[in-house]
Number of protein chains: 2
Amino acid sequence: MAEQPELTVQGWGPPGTRVAHVAEGGSLELTADAALKRTLPKPARKHLARELGWTPRHTPPVPVEQIELPPGRLPGPVRAELVALLGVENVRDDRESRLRRTGGKSYLDLVRRRSGDASDAPDAVLTPADTAQTAALLELCSRHGVVVVPFGGGTSAVGGLSGTDVDDRPVVVVDLSRMAGLVSVDVPSSLVTAGPGMRGPALEDALAEHDLTLGHLPQSWEFATLGGYAATRSAGQASTGVGRFDDLVEGLTLATPTGVLQLGHAPASAAGPDLLGLAVGSEGTLGVITEVTLRVRPRPRTEQYEGWSFRSWAAGLAALQRLARHDLLPDVVRLSDPDETRANLLLSGGAGARALRGALRSRGHGAGCLLVVGWQGLPTIVRARQRAATSLLREDGGKRAGTRVGEAWERHRFAGPYLRDRLLDHGLLVETLETAATWSALPAVYDATRRALREALATPGRKPLVMTHVSHGYATGASLYLTVLADRDDDLPLQQWLTAKRAATDALLAAGGTLTHHHAVGADHRPWLDREVGARGVDVLRAVKATLDPEGICNPGVLLPS
Amino acid sequence: MAEQPELTVQGWGPPGTRVAHVAEGGSLELTADAALKRTLPKPARKHLARELGWTPRHTPPVPVEQIELPPGRLPGPVRAELVALLGVENVRDDRESRLRRTGGKSYLDLVRRRSGDASDAPDAVLTPADTAQTAALLELCSRHGVVVVPFGGGTSAVGGLSGTDVDDRPVVVVDLSRMAGLVSVDVPSSLVTAGPGMRGPALEDALAEHDLTLGHLPQSWEFATLGGYAATRSAGQASTGVGRFDDLVEGLTLATPTGVLQLGHAPASAAGPDLLGLAVGSEGTLGVITEVTLRVRPRPRTEQYEGWSFRSWAAGLAALQRLARHDLLPDVVRLSDPDETRANLLLSGGAGARALRGALRSRGHGAGCLLVVGWQGLPTIVRARQRAATSLLREDGGKRAGTRVGEAWERHRFAGPYLRDRLLDHGLLVETLETAATWSALPAVYDATRRALREALATPGRKPLVMTHVSHGYATGASLYLTVLADRDDDLPLQQWLTAKRAATDALLAAGGTLTHHHAVGADHRPWLDREVGARGVDVLRAVKATLDPEGICNPGVLLPS
């Protein structure tokens, strides 16, 4: 089990990633300015300032040591029982351990942490060694009325680690970092079994020895864990090709307060309802995933990225829809709308971006859309798919924009969350949200969500920038991923975003979108779950929870509406 | 809604299919002999007689009019309420209506019906018009303690319509034949919504007008319904390519005694556990599926079948496994073991079969395995896949056996159940069973299941013929489909098979197979469900059932162990 770096407390990246920090002393303003300049080229800063009514200003987080934690509340006798079960080194309630496992990485999480608020910190952190210890600690905590929150990479974007227990019971985090190893590899069956705390890079390293890959690459890949992917129904950047994480899970072990479930049967079964699918996406509310079995594949023999441009969003969507219909979607698909396309060209700056901008303008695609596609697999098959897709894209008005655009995207595929921290340092609201809809409903969902966000975030002299892309294509529809930038309301930053998020969620559901395509429900989306699955659907989930977790200790305040 | 023929009471095919029947009068023995000769060429009869210790004899079913039905038990007041709800023509309790909806088409079902036993007949048959009427009748029946069994095509192979209610309450069948129409087609999104009573041929006809196909082709295709496919997690002959029925269901409506659930959200969602996957495979135990939304695709531009031969079963499996690993499996895959290959050549008879047998022998594959593969889709993509697969198959020792073999299989793809009736007429036990396992476990599952069947069915002078094929391939494993022929024990035919089935199921589970790959659980497999999903898994299913069906009226005696 390799050492895996933890995320910094107030943002993204391993500790030390920050370039500008009040605590670092020195000429603060200069450092912050330098950081902003490094992050945003001048044309981008000017464009954003003009577009948003934003005044770049230095808004650093409070120093980490000033973050306030409430005192731990784990009762002594419970702590003693836990120590007897796990060993003293695996029951920690020091400030550092608790702070590092407080909440996730949504905008709301970061705003709280940056302002010095860690009132949602767990009372202790447990690190069990295996399924048996996890099951035992769940039984113990259930008996004593102690809330259990599973913790993998801590990357939740929807408050998956920020649920509130209505009974305000003591809370322990089950940190899965000791269960992060490879359990077995079945090469002929293309199956790997691993601990839930394992991260993508470590798994890929281990699989490379067998010439295999999982190929699941969400933006959080450097830090997120396999257990977290399973618990949240993650999707990755190549999911159009390799499938969503739900599709890759062939089995898992779920430790609950009332026993252990072994679910799934590769390759397929008709033995009743799909219980594996109940555990996948359960977000810690039914128990803790202690092992996952995943479908892997040979490492692709070829991997190619290229850019295409379209005159309009509608034209780009129509082209993707036709590819989808004929099962010709590339393995990676990313179609940016005009706002995102323009912003990306400005943000990336430099001569290359200028040249591309000129090229698009000369094709009449100046206000158009950029499509990045990626192909992976056996060269002969990739070539045939690529040729067939190329001819459809051309018929639908697409123009090739070269491989440089595609490769640039590929190089920066994990950069988003790092960039966000820099923007937060300078008075911006930055958050993302996502949904999916059928091809028929997609244009209406796009329009309604953007309109709702713009109306909610507009104030006199200020308006937000909403950038959207399709990131995953399916035969029947596609996902939409929206990035929102706005001048932050420094007095009420949380309320500013909550209002916008509420309006956007209402709008996308009304237009036929799903509550979430790959971020999960968490605490942030739970008020809308009944809109997605109906009141009887929620009743079913509650019945399952009551069976496995009768005391309701498993991640309360998440997933299920209050 | 087109008229759809019902299955004959004692076997397969529309009424009138039988060629030899005691009730038809005339020279019975001659008719029966003629039927057997038409079914089995002389070498096949001789081979089976020798192999099995079977004496061909005439064992016709009793005339339909001699089948005994118990008197209907639906209480008058309940009947009156149902009539008020549905109209008098949709509440039928005449002998013909009840008899036609008694049980399914497993060997156990057929043996009972052929012997004149219809003691499991429902007390009445209801034909609701829509979701609202179905929900209302479920509420009504729940209130009055009347058991409800949903009925689509009546093709269950595992006693899915033959559950026993421990409280022996009155039973109504909900026949879905009035809910058999197309509800909507969303061409851009490749989605179709249809009533649960719609059958494959009617759906394909309707889709053909849009140049679309579903492509789900199980052997029961002529009679089975969409609702039945969803309720049982069906797989079809081209499922390796188009996906299992579970993969094709994008949404459904489930009417339960306590309300209606709308489940699923195309194209994908991360909004909590997969409740759609709970309804799919629920086998009528949670309620009645009243609408299904399915993923469809353009009709394939090309469709090709061909045969390959391998020196041995192990060589054939190894070749398929390598195709699977590289995502090169054909859309149709059917690898027969040596016993099935030999029997197929004998059964098909004629000069073509003789020529093929000779050809196999000359390649040293005389005791080998036949593989039928089928390719569908866009010609350029099919060509690339076919070329890549061909080169792997050759490397793994496969020899092309020509397109005639493949096309012959395709022509006779729905023939199995018709043939079975002829064999039942002549003193044979004929039944199938199926499982799936990872590529690593497959050889052990194959050996263990065959051994168990052979030992259980062997008597002095008699032994069974067990023929096996892989019918569905996946990256991680494959299915096994076994056909068993034996000299029937005319005194205790049910016990003879139940003993063998029990031994085979114990053996395949112990070796790592799944309880069922595509036949579902039904009444026949339910004693083993806890071996598949564990005691806690069964508890979860019970909790879901208690929430939606608190009086336990929905298809009791099926799926959930007693």
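Bear in mind that the values here come from a model prediction, so they are computed numbers and not experimental data.

Calculation notes
Residues numbered from 1 in each chain as written. Chains lettered and ligands numbered in written order. Predicted model: local features only at pLDDT ≥ 70, side-chain atom pairs only at ≥ 80, totals over all residues. Heavy atoms only, no water. Contact = heavy atoms within 4.5 Å. Buried area = accessible area lost by both parts, 1.4 Å probe. Salt bridge = Lys/Arg side-chain N within 4 Å of Asp/Glu carboxyl O. Polar contact = N/O pair within 3.5 Å; in protein donor to acceptor, adjacent residues only side chain to side chain. Helix = DSSP H or I, 4+ residues; strand = E, 2+ residues; numbered from the N terminus. Buried < 20%, exposed > 50% of the residue type's maximum accessible area, 1.4 Å probe, protein only. Least-squares fit on C-alpha atoms with pLDDT ≥ 70 in both. Axes fitted to C-alpha atoms, helices over the stretch in contact; angles between N-to-C directions. Parallel < 35°, antiparallel > 145°, perpendicular 65-115°, else oblique. Nonpolar A, V, L, I, M, F, W, Y, C, P; charged D, E, K, R; others polar. Expected span 1.5 Å × (residues − 1). UniProt positions renumbered as here; feature names shortened; annotations may be inferred. Patch = residues over 30% accessible without salt bridge, like charges linked within 9 Å, V, L, I, M, F, W, Y side chains within 5 Å. Areas by Shrake-Rupley, 256 points an atom, 1.4 Å probe, with all protein chains shown as cover. Lys, Arg positive; Asp, Glu negative; His and termini not counted. Charge placed at Lys NZ, Arg CZ, Asp CG, Glu CD.

K.L.:
Honestly, the interface of chain B and chain A in this entry has me stumped. Any pointers?
P.N.:
Often, the extent of an interface is quoted as the loss of accessible area on bringing the components together. The partner chain A presents 80 residues to the 80 residues of chain B that form the contact. Across the interface of chain B and chain A, roughly 6100 Å² is buried in total on both sides, 62% from carbon and sulfur atoms. The three residues of chain B that bury the most area against chain A are Pro273, Arg325 and Arg536 of chain B, which together make up 12% of that side's buried surface. Applying the counting rule to chain B against chain A returns zero salt bridges. The interface formed by chain B and chain A holds 32 residue pairs in polar contact (both at pLDDT 80 or more) in total. The set of elements that each furnish at least two residues to the side of chain B that touches chain A consists of strand 9 (259–263), helix 11 (276–279), helix 12 (313–325), helix 15 (379–395), strand 16 (428–438), strand 18 (477–487) and helix 20 (529–548) of chain B.

K.L.:
What's the story with the pattern of salt bridges in this structure? I'm lost.
P.N.:
Proximity of charged atoms lets side chains of opposite charge pair with each other. Residue and element names in this part refer to chain A. Inspection of the entire model under this criterion finds 68 salt bridges over all chains. A salt bridge links arginine 143 to glutamate 139, with the shortest nitrogen-to-oxygen separation between them at 2.9 Å. Highlighted residues: arginine 143 and glutamate 139, both in helix 6 (residues 131–144), separated by four residues, approximately one helical turn. Residue class for glutamate 139 comes out partly exposed when judged on its relative accessible area of 34%. Because the salt bridges share partners, they merge into one network encompassing Glu6, Glu96, Arg100, Arg101 and Asp175.

K.L.:
Whenever I open this one, the relation of the copies chain B and chain A confuses me. Can you help?
P.N.:
The operation relating the two chain copies consists of a rotation about an axis and a shift along that axis. Mapping chain B onto chain A calls for a screw motion: a turn of 180° about the axis and a shift of 0.0 Å along it, with 0.0 Å RMSD after fitting. The two molecules are tied by a two-fold rotation axis, judged by turn and shift. Looking at the interface residues of chain B, 100% of them are also at the interface in chain A, so both copies use one shared face.

K.L.:
It is not clear to me how the packing of helix 2 (residues 42–52) of chain A against helix 13 (residues 338–348) of chain A should be interpreted in this structure. Could you clarify?
P.N.:
To characterise two packed helices, one gives the angle between the axes of the helices and the distance between these axes. Residues and elements named next belong to chain A. Relative orientation of the contacting elements helix 2 and helix 13 amounts to 140°, with a least axis distance of 7 Å. The pairing of helix 2 with helix 13 is recorded here as oblique in orientation. Residue-level contacts link Pro43, Ala44, His47 and Glu51 of helix 2 to Arg342, Leu346 and Leu347 of helix 13. The residue inventory of the contact of helix 2 with helix 13, partitioned by class, reads four nonpolar, one polar and two charged.

K.L.:
Before we go on, may I ask you to explain helix 15 of chain B in this structure?
P.N.:
Residue pairs three or four apart in sequence face the same way in an α-helix, which turns once every 3.6 residues. An ideal rise of 1.5 Å per residue puts 24 Å on 17 residues; helix 15 of chain B measures up with 24 Å between its terminal C-alpha atoms. The complete set of buried residues in helix 15 of chain B reads Ile381, Val382, Ala384, Arg385, Gln386, Ala388, Ala389, Thr390, Leu392 and Leu393 of chain B. Against the buried residues of helix 15 of chain B lie helix 15 (379–395) of chain A together with strand 12 (302–310), helix 12, strand 14 (369–377) and strand 15 (399–402) of chain B. Looking one or two places after helix 15 of chain B, you find glycine 397 of chain B, whose phi comes out positive at around 90°.

K.L.:
Quick question: what am I supposed to make of the UniProt feature "domain: FAD-binding PCMH-type" (unreviewed entry) in chain A here?
P.N.:
Here the UniProt-annotated "domain: FAD-binding PCMH-type" (unreviewed entry) positions come out as residues 118–299 of chain A. A helix fraction of 23% and a strand fraction of 26% characterise residues 118–299 of chain A, whose end C-alpha atoms lie 42 Å from each other.

K.L.:
Help me out: how do you make sense of a positive patch on the surface in this one?
P.N.:
All names here are of chain A. Taken together, the side chains of Lys37, Lys42, Lys46 and Arg50 present a region of like positive charge at the surface. With three residues, helix 2 is the single largest residue contributor to the positive patch. Relative accessible area serves as the criterion here: at 56%, lysine 42 is assigned to the exposed category.

K.L.:
Help me out: how do you make sense of the environment of leucine 40 of chain B in this one?
P.N.:
All names here are of chain B. By secondary structure assignment, the location of leucine 40 is in the loop between helix 1 (28–39) and helix 2 (42–52). When its relative accessible area of 0% is taken as the criterion, leucine 40 is described as buried. Spatially, the C-alpha atoms of leucine 40 and alanine 84 are 53 Å apart, while their sequence positions differ by 44 residues. If sequence neighbours within four positions are ignored, leucine 40 has contacts with Arg45, Leu48, Trp54, Leu347 and Leu423.

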